[in-house]
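As a plain string of letters, each chain reads:
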Amino acid sequence: MMPGLDGFELLRALRDDPATRSLPIVMLSARAGDEARAEGLMAGVDDYLVKPFSARELLACVSSRLAARATQIGRETEISELRKTVDYNERFTAILGHDLRNPLNAIMTTAQLLQRRGKSPDITTPAARIELAAERMARMISQLLDLARLRVAGGLQLATKHVDLGQVCRQVLDELRSAHPDARIELATTGDLQGRWDGDRLAQVISNLAGNAIEHGTPDGPVHVGLADNGTAITLHVKNPGAIAGEVLPTLFDPFRGATHRHEKTRGLGLGLYISQQVVTAHRGTINVRSNAVEGTCFEIHLPRETA
Amino acid sequence: MILVVDDEVYGRETLRDALEDEGYRVVVARDGETALRELERDQPKLLILDLVMPGMSGNTLYDEMQRAPSLAKIPVLVTTADPTRAPLGVPTIAKPIQIDRLLALVKLAVDKA
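As the structure is a computational prediction, the values presented were derived from the model and not from experiment.

Let us look at the overall build of chain A. On a plain count of helices and strands, chain A comes out with 8 helices and 9 strands. With 308 residues in all, chain A has 35% of them scored as buried. Pairs at least 24 apart in sequence give 62% of the contacts found in chain A among residues at least 6 apart. Summed over its atoms, the accessible surface of chain A is roughly 18,400 Å², and 56% of this surface lies on carbon and sulfur atoms.

Here we come to the sheet that holds strand β6 (residues 223–229) of chain A. One key point about sheets: their strands pair by backbone hydrogen bonds, in either a parallel or an antiparallel sense. Residue and element names in this part refer to chain A. Judged by pairing direction, the sheet is mixed, and its 5 strands sit side by side in the order β4-β6-β7-β9-β8 without closing on themselves. Strands with a single pairing partner mark the edges of an open sheet, and in this sheet they are β4 (185–190) and β8 (286–292). Averaged over all adjacent pairs, the angle separating strand axes in this sheet is 10°, with direction ignored. Alignment of β4 against β6, held across 6 bridges, turns out to be parallel. By the bridge assignment, A188 is partnered in β6 with G226. Along the sheet face, helix α5 (residues 165–179) touches β4, β6, β7 (233–240) and β9 (296–304) and points at about 175° away from the line of β4.

All right, on to empty space enclosed by the protein then. Leftover empty space is mapped by rolling, across the atoms, a probe with the size of a water molecule. In the structure shown here, the tally under the stated rule is 2 cavities of 30 Å³ or more. Its volume calculated, the largest cavity comes out at about 60 Å³. Put simply, the parts of the chain that give the lining of the largest cavity at least two residues each are α6 (199–216), β7 and β9 of chain A. Residues belonging to the lining of the largest cavity are distributed by class as follows: 8 nonpolar, 1 polar and no charged. Looking at the second largest cavity, its volume works out to about 30 Å³. Lining of the second largest cavity is provided by R101, L104, N105, A138 and I141 of chain A together with P96 of chain B. Among the secondary structure elements, those contributing two or more residues to the lining of the second largest cavity are α3 (55–117) and α4 (121–153) of chain A. Looking at which element gives the most residues to the lining of the second largest cavity, the answer is α3 of chain A, with 3 residues.

Each side of the interface is counted separately: chain B has 17 residues, and chain A has 16 residues. Summing both partners gives a buried area of about 1,500 Å² for chain B against chain A, and 50% of it is carried by carbon and sulfur. When the buried area of chain B at its contact with chain A is split by residue, T14, P96 and I99 of chain B rank highest and sum to 29% of it. Among the salt bridges present, the one from D21 of chain B reaches R117 of chain A, with a minimum N-O distance of 2.6 Å. In this structure, the connection of chain B to chain A is made through 9 residue pairs in polar contact (both at pLDDT 80 or more). Within the residue set of the side of chain B that touches chain A, elements represented by two or more residues are α1 (9–21) and α5 (99–112) of chain B. Considering every element that reaches the side of chain B that touches chain A, the biggest residue donor is α1 of chain B, with 6 residues. Taken together, the residues that form the side of chain B that touches chain A break down as 7 nonpolar, 3 polar and 7 charged.

Residues and elements named next belong to chain B. Strand β4 (residues 76–80) sits mainly inside the fold: 5 of its 5 residues count as buried. Side chains V76, V78 and T80 project from β4 onto one buried face, and the interleaved L77 and T79 project onto a second face that is buried too. Sheet topology note: the strand β3 (residues 46–50)/β4 ladder contains 4 bridges and is parallel. In the strand pairing of β4, L49 is matched with V78. Where β4 meets strand β5 (residues 92–94), 3 bridges bridge the pair, whose relative direction is parallel. Within β5, the position partnered with V78 by the bridge is T92.

The rules behind each value
Residues numbered from 1 in each chain as written. Chains lettered and ligands numbered in written order. Predicted model: local features only at pLDDT ≥ 70, side-chain atom pairs only at ≥ 80, totals over all residues. Heavy atoms only, no water. Helix = DSSP H or I, 4+ residues; strand = E, 2+ residues; numbered from the N terminus. Buried < 20%, exposed > 50% of the residue type's maximum accessible area, 1.4 Å probe, protein only. Contact = heavy atoms within 4.5 Å. Areas by Shrake-Rupley, 256 points an atom, 1.4 Å probe, with all protein chains shown as cover. Pairing = 2+ DSSP bridges. Axes fitted to C-alpha atoms, helices over the stretch in contact; angles between N-to-C directions. 1 Å grid on protein atoms, 1.4 Å probe; cavity = no way out; pocket = protein on both sides within 12 Å on 5 of 7 lines; lining within 4 Å. Points joined across faces, edges and corners; volume = space filled by probe spheres on them. Nonpolar A, V, L, I, M, F, W, Y, C, P; charged D, E, K, R; others polar. Buried area = accessible area lost by both parts, 1.4 Å probe. Salt bridge = Lys/Arg side-chain N within 4 Å of Asp/Glu carboxyl O. Polar contact = N/O pair within 3.5 Å; in protein donor to acceptor, adjacent residues only side chain to side chain.

If you want it as structure tokens, here you go:
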């Protein structure tokens, strides 16, 4: 109790002002009892001391509040530094992705021009290799950009429209066949495969799964892609005879998996399956994998026809 | 004549080479302002337009063209790393560019004109 502004009014004013909102406040009052103490704590004091109190009690209270405040300030600084770093990294990835693409585009088109102009394999074969390597880099950049977008937006933004998944699938598999002329890719479809989806994103998923199956499967084993009409949903299978090592399975969909399990076959950033999973989840679907030496590997996607 | 607008020099010069190999006459510009001056000087049969450029962007140039009756009728083919930026309804080729695909679209546009 004080003349003029009373303790509670002052407390409210201090808590309303952003500059003093986190200031530790110890209330000293002659009002004893649970109710008075609860009222003070509810109003936002950190401690409530009842008069008469001992000097030792007050000093202990002040020093513990000051220590807690110091810890809190340290934590806030750390969080704001971390936030700046995360923000910086995301901008960095996005800008780098865009700026890297322009010279890469020049490399790829120039390699294509060399193949068009070249009359002999002495020229066209190395030019084709330049293009393939640049293509791989372009895929990695796309994935990094997807990842940056995912983290900034907190999820994938879909552009849904009426799509025939069978048609999307055939187009993707045709592209893969021309990139891997030796691979055996079989497609089986049943029923009505139409729905409202983001066709480009689903093409990315099919290309990722079937591409993995070609690259990581047994060299002569066929890749089976199946699309089945399941009423309100579509089921997509991608199977190949190769098995995924048991210790890799639990973290298969984690981003940057490739960075921790570096082996010769790892050619990407380990982002493809992570992004595929995000695309499927954004469509309110599910993606699962089974893999063993007997049955080989099977990715199964369950995709509702309507995303909304 | 085909006008190619891109701020990235090597990509631009490669497109010029590929188009000249097919027998087209090609003029290049490195930004929107230069392109606009070229457009007003000599009307091309087709404009191949990059979007993200310092200074006047491809999108701004496209909007300017749509406001000028003499320029609005020039066919445009957009090349961009981010096709979501392309103006609605304009034929678009994603970067990295597939030259075969680009030449096919160029032929289609020029034949139609």
